Amino acid sequence: MLNVIFDNLGEYKKYAVLSPFFVLLEVLMNASIPFFMTKIIDQGILINSSDNIIKYGIILLIVAGISLATGIISGYLATKASSGLAKNMRASMFDRITDFSFENMNHFKSGSLITRMTTDVQTVQMAFQMTIRMAIRSPLTLIFCFVMSFRLSKDLAPTFVIIIPLISIGMGLIIKGAYPIFEKVFRITDKLNTNVSENLSAIRVVKSFVKEDKEIEKFNNISNDLQNNYIKAAKLLAFSNPLMNFSTYLMTILIAWLGAHFIVNGTMTTGALTGLVTYAIQIQISLMMLSMILVQITIARNSIRRINEVIA
């Protein structure tokens, strides 16, 4: 099914390739910012050295500027590639639909085709944009933050590993519960669009036989079913925020508590502790982004299958 994406990227492949390169530069810059902040505290503020504060401050500004520029460029390229993919997908589907046989026209309801060309394509577009940007950024951020945290403190950095199983298990359960609900949502959306399309094309017949109330009731039932399933999915996905917040605060408390003991013993500096707390937050954010991407890819997998059914 991934062939559908590669075949429809067309002239936008270069944007899809360039975006991860700028993401790599952005991650490198982001991972180095807490390190230079540590230098400002330890080699500038604590020893009252104005020269070191200015030197590392200038380096920090340059690094932050490069991070901002590469982030903007990678975002632009990812948007360009994903919107181009969506455009080509819609064009491929429309061309295929115009060549449909009568058997195919009977197989695919008009409402289902509308959903596939709009909602499904938009879902794939969003997932693809997140994949070539955030799905690459999150693992790289994890790796670089771990490496940099070990440079600051080999004793305290391993505590980051404790929180990963907690987040992985929690997000795994959320995704497992949400996927079947979203599969059902797409089927109900097909049904809703088909119902509206049939009513619009046969409105004269509906009015002639005074069936407006029956059709309104039918529409309301489908709409309510769609709403209830969206609420179920939203309730499940809402657990991700408390899970991430709990993980972040737990990690911060652990680092602060253990770090305070290391500072008292003289095996760690205040700047190193500040840098580790920042890296802990960056790791939590990257894990949260990764979980969001997994949810989006899980939803998009079903959409790609539905799009492929039309194009194939």
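What counts, and where the lines are drawn
Residues numbered from 1 in each chain as written. Predicted model: local features only at pLDDT ≥ 70, side-chain atom pairs only at ≥ 80, totals over all residues. Heavy atoms only, no water. Helix = DSSP H or I, 4+ residues; strand = E, 2+ residues; numbered from the N terminus. Rg over C-alpha atoms; globule rule 2.2 N^0.38 Å. Contact = heavy atoms within 4.5 Å. Areas by Shrake-Rupley, 256 points an atom, 1.4 Å probe, with all protein chains shown as cover. Lys, Arg positive; Asp, Glu negative; His and termini not counted. Charge placed at Lys NZ, Arg CZ, Asp CG, Glu CD. Axes fitted to C-alpha atoms, helices over the stretch in contact; angles between N-to-C directions. Parallel < 35°, antiparallel > 145°, perpendicular 65-115°, else oblique. Polar contact = N/O pair within 3.5 Å; in protein donor to acceptor, adjacent residues only side chain to side chain. Patch = residues over 30% accessible without salt bridge, like charges linked within 9 Å, V, L, I, M, F, W, Y side chains within 5 Å. Salt bridge = Lys/Arg side-chain N within 4 Å of Asp/Glu carboxyl O. Core = buried A, V, L, I, M, F, W, Y, C linked by side-chain atoms within 4.5 Å. Buried < 20%, exposed > 50% of the residue type's maximum accessible area, 1.4 Å probe, protein only.

Undergrad: So what exactly am I meant to see when it comes to the overall build of the chain here?
TA: Of the regular secondary structure elements, the chain holds 10 helices and zero strands. In terms of overall dimensions, the chain is more spread out than a globule: its C-alpha atoms have a radius of gyration of 26 Å, far above the 20 Å expected for 312 residues. Of the contacts formed within the chain by residues at least 6 apart in sequence, a portion of 86% connects residues at least 24 apart. Total accessible area computed for the chain in this model is approximately 16,900 Å², and 66% of it derives from carbon and sulfur atoms. Seen as two clouds, the 28 positive and the 19 negative side-chain charges of the chain have centres 3 Å apart.

Undergrad: So what exactly am I meant to see when it comes to the packing of helix 5 (residues 110–152) against helix 6 (residues 160–201) here?
TA: When two helices pack together, you describe them by how their axes are tilted relative to each other and by the distance separating the axes. For the pair helix 5 and helix 6, interaxial distance at closest approach is 10 Å and the crossing angle is 170°. In this view, helix 5 runs roughly antiparallel relative to helix 6, as classed from their interaxial angle. Of helix 6, the residues touching helix 5 (which contributes Ser-110, Gly-111, Ser-112, Ile-114, Thr-115, Arg-116, Thr-119, Asp-120, Thr-123, Phe-146 and Ser-149) are Phe-160, Val-161, Ile-164, Phe-186, Thr-189, Asp-190, Asn-193, Thr-194 and Ser-197.

Undergrad: Sorry, what's going on with the side chain of Thr-123 here?
TA: Counting through the fold element by element, Thr-123 comes out in helix 5. A distance of 2.8 Å separates the side chain of Thr-123 from the backbone oxygen of Thr-119, its partner in a polar contact. Beyond its immediate chain neighbours, meaning those up to four positions away, Thr-123 contacts Phe-186, Gln-296, Ile-299, Ala-300 and Ser-303.

Undergrad: For this particular structure, what's the right way to read a nonpolar patch on the surface?
TA: A cluster of nonpolar side chains, Ile-54, Ile-58, Ile-62 and Ile-66, forms an exposed patch at the surface whose accessible area comes to about 360 Å². Examined against the element boundaries, Ile-62 turns out to sit in helix 3 (residues 50–98).

Undergrad: Would you take a moment to explain the side chain of Thr-70 for this structure?
TA: On the secondary structure map, Thr-70 appears in helix 3. Look past the residues within four positions of Thr-70 in its chain and what remains in contact with it is Phe-22, Leu-25 and Glu-26.

Undergrad: Even after reading the chapter, I still don't get the nonpolar core, so can you show me in this structure?
TA: The nonpolar side chains of soluble globular proteins are, as a tendency, buried together. Membership of the largest hydrophobic core comes to 45 residues, with the highest contact counts inside it found for Phe-160, Met-171, Ile-255, Leu-276, Tyr-279 and Ile-283. Put simply, the parts of the chain that give this core at least two residues each are helix 2 (13–45), helix 3, helix 5, helix 6, helix 8 (212–237), helix 9 (240–265) and helix 10 (270–311). Residue contributions to this core peak at 13 residues, all from helix 6. Here Leu-276 is in contact with Ser-149, Leu-152, Ser-153, Leu-156, Phe-160, Ile-255 and Met-268, once residues within four sequence places are set aside. In terms of nonpolar packing, the next biggest core, distinct from the first, is built from 27 residues, Tyr-12, Ala-86, Met-93 and Phe-128 among them.

Undergrad: Honestly, the pattern of salt bridges in this entry has me stumped. Any pointers?
TA: If the charged atoms of two oppositely charged side chains come close together, the side chains can form a pair. This structure, assessed with the given rule, holds five salt bridges. The partner of Glu-11 in a salt bridge is Lys-87, and the shortest N-O contact between them spans 3.8 Å. Separated by 76 residues along the polypeptide, Glu-11 in the loop between helix 1 (2–9) and helix 2 and Lys-87 in helix 3 bring together distant segments of the chain. The class of Glu-11 is partly exposed, set by a relative accessible area of 46%. For Lys-87, a relative accessible area of 40% puts it in the partly exposed group. Across the pair Arg-116 and Glu-309 runs a salt bridge, and its minimum N-O distance is 2.8 Å. With Arg-116 in helix 5 and Glu-309 in helix 10, this residue pair connects regions lying 193 residues apart in the sequence. When its relative accessible area of 7% is taken as the criterion, Arg-116 is described as buried. Within the structure, one salt-bridge network assembled from shared partners comprises Arg-116, Arg-305 and Glu-309.

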